[in-house]
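Coordinate analysis (summary)
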Amino acid sequence: MNLIQSVDWVTIAPPTLVAVTAVAVLVADLFLPAARKGWLGAMTVAGLLLAGLALLPLRAGDRTSFCLPDGGGCGYAADTFALVVQLLVLAGALLTALFAQPVDRDLPQGEFWFLLLASAAGATLLPASRDLATLIIALEVTTLPAYALVALRRGDGRGPESALKFFLTSVTATAITLLGVSFVYAAAGSLHFSAIGTALPAADDRLATLAQAGVALTLVGFAFKTAAVPFHFWVQDTYTGAPLPVAGYLSVVSKTAGIAGLILVTTLAFPGYGGLWGPVLAVLAGLTMTAGNVAALRTDPAAPDSAVRLLAWSSVGQAGYLLVPLAAAAYGAEGAVGAAVAYALMYAAVNLGAFAVAAHLARRHPGHRLTDYRGLYRRHPGAALALGFFLLCLAGLPPGVIGLFAKVAVFSAAVEAGLGVLAVVMALNVAIALFYYLRWTALLFERTGRDEPSDPAPAPAPTVRLAIGLSALAALVLSVLPQLVLTLTSGSLL
């Protein structure tokens, strides 16, 4: 039997280029003197841009690779869904690379850029995976470098502790997921999504319980990546212990990888088990958004790291919104996958922009308190206006039209699927989130009573200003063309 798989190098170019750049950065770090380590950041940005350009020849969305002969299934597919998510991942990694410069002196530059690129390579591979083996490998390649990134800062005792919590939770989730994958393989006899989707519902009745257990357990790893309840308790400690660029990266790229994995296994591998995973995801969505928003609401503005804690809990709440259309997909809601990816695009642009502003302010106020933002408009009008815009987008208020549109798309998917209770829970959570987003926004423009018109903090680095500007531009473009965004992100899965 011929098991030789075909390889299309153009199709797999985006993740390959990111991986090659990671190796090139690691090797270059051995030879560059300390005074020229800044070139490593430029190499990282160039590699991510090149990988983004490699998506252009694939824009038709009809390329595959690692295919078995005689129509036996493909392990990699560059369809519309994969390309949109890969663009999101690469753009998120690029924005992270921009506002991470200049690298904190307590971070080893070579290791930082290598680990960031290695994780981005896995996240770029994941949405194009079309079998469980490739998917799990991509998920672990995304996650493993993140442990080291969290603990990378020298002389900071919180980093190793945060990384350890992150690692232990992730390992547990991965072990459960692998157990589920083994059950699925035993029941279906294949690892390819197309074959599983056909074989699993038709499996022997004696394997029905095994198949159902496999479906449920396989979802655990992706629930962890999205920080869904009850796999969310690592988020706060990890974000506060990690360098700010790493926290921003985890909040967007890591979460996107988890959402993409959930979409793939539910809609391609387990479509016949929607009655099982649909209600589970609906409950997880309601619990996750409620836990995240209530915790963010209770954040003390004067406490150390309160700004990062609020962004961490906000990301948990946003994960709940992202799970809503996935639950709706189980009940036949049209465009549910498109609504989820469109929401992820909006969230990625504005959340990374918020982290970029926080990274700039941290140069003057390393305590990361919300109260440090009081009167920011008088000291840095541009940064205050940008952050205010990002927060309004997350809240779903004008002028952040894309935030409002994304929430309406997600809400509509829940209503169309008949998930009325979940829609009500989402509406209540949006109201809760309005309070803490507006409270932070109000701080930016609050009068402090001080006479000094400016902050003695150094001006943002050009790359940080570029990251903030690109995030704002992306949000504005998405706001101008919201329906086009939803059309493009509908993809080819549903």
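That block above? That's the structure.
Let us look at the structure shown here. (Residues numbered from 1 in each chain as written. Predicted model: local features only at pLDDT ≥ 70, side-chain atom pairs only at ≥ 80, totals over all residues. Heavy atoms only, no water.)

Moving on to the overall build of the protein. On a plain count of helices and strands, the protein comes out with 19 helices and 2 strands. Over its C-alpha atoms the protein spans a radius of gyration of 22 Å, differing by no more than 12% from the 23 Å that the globule rule assigns to 494 residues. The dimensions of the protein, computed from C-alpha atoms along their principal axes, are 75 × 60 × 40 Å. The buried share of the protein, reckoned over its 494 residues, is 59%. (Helix = DSSP H or I, 4+ residues; strand = E, 2+ residues; numbered from the N terminus. Rg over C-alpha atoms; globule rule 2.2 N^0.38 Å. Buried < 20%, exposed > 50% of the residue type's maximum accessible area, 1.4 Å probe, protein only.)

Below, the discussion takes up the pattern of salt bridges. Enumeration according to the criterion identifies 6 salt bridges in this entry. Residue Asp8 is joined to Arg63 by a salt bridge in which the shortest nitrogen-to-oxygen separation is 3.0 Å. In this pair, Asp8 sits in the segment before helix H1 (13-31) while Arg63 sits in strand S1 (residues 63-67), placing the two residues 55 residues apart along the sequence. For Arg63, a relative accessible area of 27% translates into the label partly exposed. We note a salt bridge from Lys165 to Asp237, for which the minimum N-O separation is 2.7 Å. Here Asp237 lies in helix H9 (residues 235-241) and Lys165 lies in helix H6 (residues 158-188), a separation of 72 residues in the sequence. Overall, Asp237 belongs to the partly exposed group, its relative accessible area being 24%. Through salt bridges with shared partners, a single network forms among Glu161, Lys165 and Asp237. (Salt bridge = Lys/Arg side-chain N within 4 Å of Asp/Glu carboxyl O.)

Under the definition given, this model contains 1 disulfide. Note on cysteine connectivity: Cys67 is disulfide-linked to Cys74, with sulfurs 1.9 Å apart. What sets the handedness of the Cys67 and Cys74 disulfide is the S-S torsion sign, and at about 105 degrees it is right-handed. A relative accessible area of 23% places Cys74 in the partly exposed class. (Disulfide = S-S within 2.5 Å.)

This part is about unusual backbone geometry. Of the consecutive residues Val229 and Pro230, the connecting peptide bond is found in the cis state with omega at 10 degrees. Within the chain, Phe66 stands out as a residue other than glycine whose phi angle is a positive 55 degrees. Locating Phe66 in the fold gives a position in strand S1. Owing to a relative accessible area of 32%, Phe66 belongs among the partly exposed residues under this scheme.

Judged by side-chain polarity, Val23, Val27, Leu30 and Phe31 come together as a nonpolar surface patch covering roughly 450 Å² of accessible area. In this fold, Leu30 is placed in helix H1. Assessed through its relative accessible area of 66%, Leu30 is described here as exposed. (Patch = residues over 30% accessible without salt bridge, like charges linked within 9 Å, V, L, I, M, F, W, Y side chains within 5 Å. Areas by Shrake-Rupley, 256 points an atom, 1.4 Å probe, with all protein chains shown as cover.)

Examined against the element boundaries, Ser6 turns out to sit in the segment before H1. Using a relative accessible area of 41% as the deciding quantity, one classes Ser6 as partly exposed. Sequence separation between Ser6 and Tyr273 is 267 residues; the distance between their C-alpha atoms is 31 Å. When sequence neighbours within four positions are dropped, the list of residues in contact with Ser6 reads Ser65, Phe66 and Cys67. (Contact = heavy atoms within 4.5 Å.)

The biggest cluster of nonpolar side chains holds 172 residues, and the ones touching the most others in it are Phe270 and Trp440. Residue contributions to this core peak at 19 residues, all from helix H13 (residues 336-361). In this structure Phe270 touches Val184, Ile196, Leu200, Val215, Thr218, Val265 and Trp277, once residues within four positions along its chain are discounted. (Core = buried A, V, L, I, M, F, W, Y, C linked by side-chain atoms within 4.5 Å.)

This part takes up the packing of helix H4 (residues 109-125) against helix H10 (residues 244-269). Orientation of H4 relative to H10, taken along the N-to-C sense of each, is 0 degrees, at an axis distance of 12 Å. The angle between the axes of H4 and H10 places the two elements in the roughly parallel class. Note on element contacts: H10 touches H4 through Pro245, Val246, Tyr249 and Val253, opposite Phe112, Leu116, Ser119, Ala120 and Ala123. Grouping the constituent residues of the contact of H4 with H10 by class yields 8 nonpolar, 1 polar and no charged. (Axes fitted to C-alpha atoms, helices over the stretch in contact; angles between N-to-C directions. Parallel < 35°, antiparallel > 145°, perpendicular 65-115°, else oblique. Nonpolar A, V, L, I, M, F, W, Y, C, P; charged D, E, K, R; others polar.)

Another aspect to go through is H1. In an α-helix, one turn spans 3.6 residues; hence positions three or four apart end up facing the same way. Over its 19 residues, H1 extends 27 Å from the first C-alpha to the last, a length consistent with the 27 Å expected when each residue adds 1.5 Å. Considered for burial, the residues of H1 that qualify are Ala13, Pro14, Pro15, Val18, Thr21, Ala22, Val25, Ala28 and Asp29. In this structure, the buried residues of H1 make contact with helix H2 (38-53), strand S2 (74-78), helix H3 (80-99) and H4. (Expected span 1.5 Å × (residues − 1).)

A word on H2. Between its first and last C-alpha, H2 extends 23 Å over 16 residues, near the 22 Å set by a 1.5 Å rise per residue. Of all the positions in H2, only Leu40, Gly41, Thr44, Val45, Gly47, Leu48 and Ala51 are classed as buried. One side of H2 holds all its buried residues, which, seen down the axis, span an arc of 160 degrees. Along H2, the residues that are exposed and aim more than 90 degrees away from the buried face are Trp39 and Leu53. (Arc of directions from axis to C-beta.)

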